[in-house]
Amino acid sequence: VAEDFLPKSAFEPDAMLEELQSILRAIKNPNLLALAEAFFADAELMNLLKQAPGAKTIHHPYLSGLLEHTLSLLKLILKVVENYRGIDVDLLLIGGFLHDIGKVYEFSFERAVDYTDAGQLLGHLVMEVELVDHKIATIPDFPTELALLVKHLLVSHHGAYEFGSPKLPQTVEAVMLHSLDDLDGKIQAIQNLPAKEPGSKWTVFHRA
C-alpha cells in the first residue's frame, strides 16, 4: 500500500476527519450544513480525503497532508473570527473545508505523488467548483447567491492571478480564507525544513 512507501502525516486520519466533521456540524446555516453533509455522505471522496497529500512538494506533501492542512485551517478560522465582527463564520468554514477538496482528484498517490490527467488539464480550483455544483444540485432550494459566495471563495483562494486564481478575493471572507490558507501552508513548509547538517542553525533552501 502507498503508506508503506510514501511519507505520511504524524496525525491519525480517522481522528482528523472526526474532528473536522465535528467542527463543520456546528454550522448554523442549514444550507451550508446540508452542503457539508452532502460531501460527508460521499464515501469515496471522504476516503480519498483521508489519504490525499496537500501538495506535490510545497506544503503538506505527504499522505493525509490535505486533511491535516484543512483541519488546521478550520481551527485557525475559529480563532481568528473571534477578533473581528461581521464575519460570516459558517461561509468561511465551508470555504476552508472545500478550498482544496479538488486535490483528492488532482493528485494520484498510489506509488508516488503526481498529477492526474484531470489535475494537469483542469487543476483543483476548476475541479472543486464542479464538485460543489454537483453537490448543490442535490440540495433543494439552495440559494443562488449563497452558491456564488461559496464558489467565489474557491476560485479566489490563491489570492493573485499569478498564483492561479481566476478571480481576486472580493469579500471579507475570501480575503480571510486566502490569508489563513497562505499562513498555514507557509508555516508548515518552514517547520518541516530539514537543517543543512546536524547541529546547523540554518535550514536547507526552500524555493517557495
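The sections below set out a description of the structure shown in this document. (Residues numbered from 1 in each chain as written. Predicted model: local features only at pLDDT ≥ 70, side-chain atom pairs only at ≥ 80, totals over all residues. Heavy atoms only, no water.)

Below, the discussion takes up the environment of V150. By the element assignment, V150 lies in helix 9 (residues 144–156). On the accessibility criterion, V150 (0% relative accessible area) is buried. Residues V150 and L98, 52 residues apart in the sequence, show an inter-C-alpha distance of 8.9 Å. Setting aside anything within four residues of it in sequence, one finds V150 in contact with L32, L35, L91, I94, L98 and V132. (Helix = DSSP H or I, 4+ residues; strand = E, 2+ residues; numbered from the N terminus. Buried < 20%, exposed > 50% of the residue type's maximum accessible area, 1.4 Å probe, protein only. Contact = heavy atoms within 4.5 Å.)

Right, let's talk about the layout of surface pockets for a bit. Of the voids in this model, the largest pocket is the one considered here, and its volume is about 810 Å³. Surrounding the largest pocket, 27 residues form its lining, I58, H59, H158, F163 and D182 being those nearest its centre. (1 Å grid on protein atoms, 1.4 Å probe; cavity = no way out; pocket = protein on both sides within 12 Å on 5 of 7 lines; lining within 4 Å. Points joined across faces, edges and corners; volume = space filled by probe spheres on them.)

All right, on to the environment of V204 then. Mapped onto the fold, V204 is located in the segment after helix 10 (172–191). In this structure the C-alpha to C-alpha distance between V204 and A41, which are 163 residues apart in sequence, comes to 42 Å. Residues within four places of V204 in sequence aside, it is in contact with L193, P194, A195 and K196.

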